[in-house]
2 protein chains.
Amino acid sequence: MKLSVRGEYALRAMQVLASDYQEDDSVVRIQEISETQNIPKRFLEQILNDLKSAGVVQSKRGVAGGYRLKRNPNQITLAEIIRHIEGPLAPVSCVSEKYYEKCSCPDESRCAIRAVMKELRDSIVHVMEATTLADLAERSRALEQQPLNPHDFMI
Amino acid sequence: MKLSVRGEYALRAMQVLASDYQEDDSVVRIQEISETQNIPKRFLEQILNDLKSAGVVQSKRGVAGGYRLKRNPNQITLAEIIRHIEGPLAPVSCVSEKYYEKCSCPDESRCAIRAVMKELRDSIVHVMEATTLADLAERSRALEQQPLNPHDFMI
DNA sequence: GTAAACTCTATCGAACAAGTCAAGAATATG
DNA sequence: CATATTCTTGACTTGTTCGATAGAGTTTAC
C-alpha cells in the first residue's frame, strides 16, 4: 500500500512549485528544489521531466531557466500527479477505473474481497482528488506560522 | 498504492478458510485452495507459512492435513493480514503508527503533504481494521446468492 | 510401511526502484 | 558572440522485491 519514493519526491517538488506559483513566468531551478527538499538532483530531473510530458509542469532552459506549474495550482490534484508517476490509485487493478485489468479470482463479479477493495479505492481516490496543490500550499503556509507542536515528537 | 499479488493471494486464501471455518478441527488442503482460487500451489505454501508464523492460521500435517484459521474469523481483520504480508498500511512511513520511520523532508512536523498522507492513512486503516474475515465470508455468501449483475460487466 | 500431505530452505529470472552519468541543446548576460 | 548556466535525453548501475519453482525432509492416516 505504499507510495514509492519517486511519488513522494514528486509531491514534494510540486508543493514547492505551488508555493512559488505566480501569474508571471517565474521559474524555480531544479537545484533549488533539490537542496531545500533533500532530493537527489539527478533523480529529480527525471521526475520533473515525467511531469512535463504529463502536462503538469513546463520548463524554461538556459541561465535563468527552471520549472513552473503549467496550470493554476487549484487545477492540479494530488491524484493526477500520483497517477502519472505511479499508475493506478486502486489497491488492486480489478477495481481501478482508469487502469482496469481482470484479476485471477474465479468470479470477479461475486468477489467479496473486490467489494472491500472498491470501498478502499473510493476512499483513497476521494482524498487524493479532493486535494489540490493550492490546498497543499495553503496548509503549508498555515503550518509554517504555527509554533512547533510537541505532540509531533511523540508519534 | 498497490497491494502486491502476494497480499491479494493471502486475502483470497484467508477468505476460503473463513468460509470453511467450523468449531471442530476441520482443515482445508493447500491444493484445494490453490485450485479453486487459481493460486500457484508452491507460492501459496510460502504465504500460508508466513501467516502461520504470524499466528493467523494453524496447520495439520500428514495425509488428512491442511490449514485452518487459528482464531474465529470475527477476530481477524484484513489489516492484520496485510500488515504481516506487506508491512505498513500507511502510504509513507513517516505517518505509520506501527512502523514509523523518519522521512527526508526538511521539517516533518510542518509538512503539509504529511498532513494529507495522515488523512489517507486513517481512511485506509479505517476500512481495513473494520473488515474481519467473518464479514468477508458473509458478504461472499450474500454475493453468491445474487444473480449475476450486468452492471459488473460495464466497469 | 507407505503414500499423502505439509515443512523448510534454497534458488532463480525478471522486473522494478533508486540513483548516477555523460553528452547535448537552449538561453540570458556581459 | 562567447560563455556559464540550466534543462534534455537516454543509457547505465546496483540492489531489492516479486512471483515462482525445486527438492529433500517430516508427519500422520491407513
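In case you missed it, the structure is sitting above this.
Conventions we followed
Residues numbered from 1 in each chain as written. Chains lettered and ligands numbered in written order. Predicted model: local features only at pLDDT ≥ 70, side-chain atom pairs only at ≥ 80, totals over all residues. Heavy atoms only, no water. Helix = DSSP H or I, 4+ residues; strand = E, 2+ residues; numbered from the N terminus. Polar contact = N/O pair within 3.5 Å; in protein donor to acceptor, adjacent residues only side chain to side chain. Contact = heavy atoms within 4.5 Å. Buried < 20%, exposed > 50% of the residue type's maximum accessible area, 1.4 Å probe, protein only. Pairing = 2+ DSSP bridges. Near = heavy atom within 4 Å. Nonpolar A, V, L, I, M, F, W, Y, C, P; charged D, E, K, R; others polar. Phe/Tyr/Trp six-rings, centres within 6.5 Å; stacked < 30°, edge-to-face > 60°. Expected span 1.5 Å × (residues − 1). Arc of directions from axis to C-beta. Salt bridge = Lys/Arg side-chain N within 4 Å of Asp/Glu carboxyl O. Least-squares fit on C-alpha atoms with pLDDT ≥ 70 in both.

Draft legend 1. The side chain of Ser96 of chain A, seen in detail. Residue and element names in this part refer to chain A. Here Ser96 shows up in the loop between helix H4 (78-86) and helix H5 (112-130). A polar contact of 3.4 Å, which involves the side chain of Ser96, links it to the backbone nitrogen of Lys98. Beyond its immediate sequence surroundings of up to four residues, Ser96 is in contact with Pro88, Ala90 and Arg121.

Draft legend 2. Quick look at the pairing of strand S2 (residues 66-69) of chain B. All names here are of chain B. Burial along S2 is two-sided: the face carrying Gly66 and Arg68 and the face carrying Tyr67 and Leu69 are both buried. Across 4 bridges, the pairing between strand S1 (residues 57-60) and S2 is antiparallel. Pairing of Ser59 across the sheet is with Tyr67, part of S2. The turn joining S1 and S2, which pair antiparallel and follow one another in sequence, is formed by 5 residues; a positive phi near 85 degrees is taken by Gly62.

Draft legend 3. Highlighting the protein's contact with DNA strand C. Near DNA strand C you find 26 residues, and of these Gln46 of chain A together with Ile30, Ser59, Arg61 and Tyr67 of chain B are the closest. Within the side chain of Arg61 of chain B, a nitrogen or oxygen atom sits 3.2 Å from a sugar or linking oxygen of DNA strand C. Mapped onto the surface near DNA strand C, the elements with two or more residues apiece are helix H1 (5-20) and helix H3 (41-53) of chain A together with helix H3 (41-53), S1 and S2 of chain B. In terms of residue count, the dominant contributor to the surface near DNA strand C is H3 of chain B (4 residues). Residues that form the surface near DNA strand C fall into these classes: 9 nonpolar, 9 polar and 8 charged.

Draft legend 4. Geometry of the packing of aromatic side chains. Residue and element names in this part refer to chain B. For the structure shown, the criterion picks out 2 aromatic pairs over all chains. Ring centres of Tyr9 and Phe43 lie 5.8 Å apart, and the angle between their planes is 80 degrees; on these two criteria the pair is classed as edge-to-face. Here Phe43 lies in helix H3 and Tyr9 lies in helix H1 (residues 5-20), a separation of 34 residues in the sequence.

Draft legend 5. Here's a closer look at the protein's contact with DNA strand D. Not every one of the 25 residues close to DNA strand D is listed here, only the nearest: Lys52, Ser59, Arg61 and Tyr67 of chain A together with Val5 of chain B. In DNA strand D, atoms within 4 Å of the protein come 65% from sugar and phosphate. Separating a phosphate oxygen of DNA strand D from a backbone N or O atom of Ile30 of chain A is a distance of 2.9 Å. Side-chain polar atom of Ser59 of chain A to a phosphate oxygen of DNA strand D: 2.6 Å apart, as the coordinates give it. Elements represented by at least two residues in the surface near DNA strand D include exactly H3, strand S1 (57-60) and strand S2 (66-69) of chain A together with H1 and H3 of chain B. Broken down by element, the residue count for the surface near DNA strand D peaks at 4 residues, all from H3 of chain A. Looking at side-chain class alone, the surface near DNA strand D contains 8 nonpolar, 9 polar and 8 charged residues.

Draft legend 6. Region of the structure containing H3 of chain B. Residues and elements named next belong to chain B. Between the first and last C-alpha of H3 there are 19 Å, a value that for 13 residues agrees with the 18 Å anticipated at 1.5 Å per step. Within the span of H3, buried status applies to Leu44, Ile47, Leu48 and Leu51. The buried residues of H3 occupy an angular sector of 95 degrees when the element is viewed end-on, so they sit on one face. Turned more than 90 degrees from where H3 packs its buried face, Arg42 and Ser53 sit exposed. Structurally, H3 contributes buried residues whose contacts are with H1, helix H2 (30-37), S1, S2 and helix H4 (78-86). Once H3 ends, the next one or two residues include Gly55, with phi positive near 85 degrees.

Draft legend 7. Structural view of the pattern of salt bridges. Applying the stated criterion across every chain, the model contains 18 salt bridges over all chains. A salt bridge links Arg12 of chain B to Glu8 of chain B; its shortest N-O distance comes to 3.1 Å. With a gap of 4 residues between them, Arg12 of chain B and Glu8 of chain B both fall in helix H1, about one helical turn apart. Assigned by exposure class, Arg12 of chain B and Glu8 of chain B land together as buried. Taken together, the shared-partner salt bridges connect Glu97, Arg121 and Asp122 of chain A into one network.

Draft legend 8. Region of the structure containing the relation of the copies chain B and chain A. When chain B is brought onto chain A, the operation consists of a screw motion whose angular component is 180 degrees and whose axial shift is 0.0 Å, with 0.0 Å RMSD remaining. Classification of the inter-copy transformation places it as that of a two-fold axis. Considering only C-alpha atoms, the part of chain B nearest the rotation axis is Met1 of chain B, at 2.3 Å.

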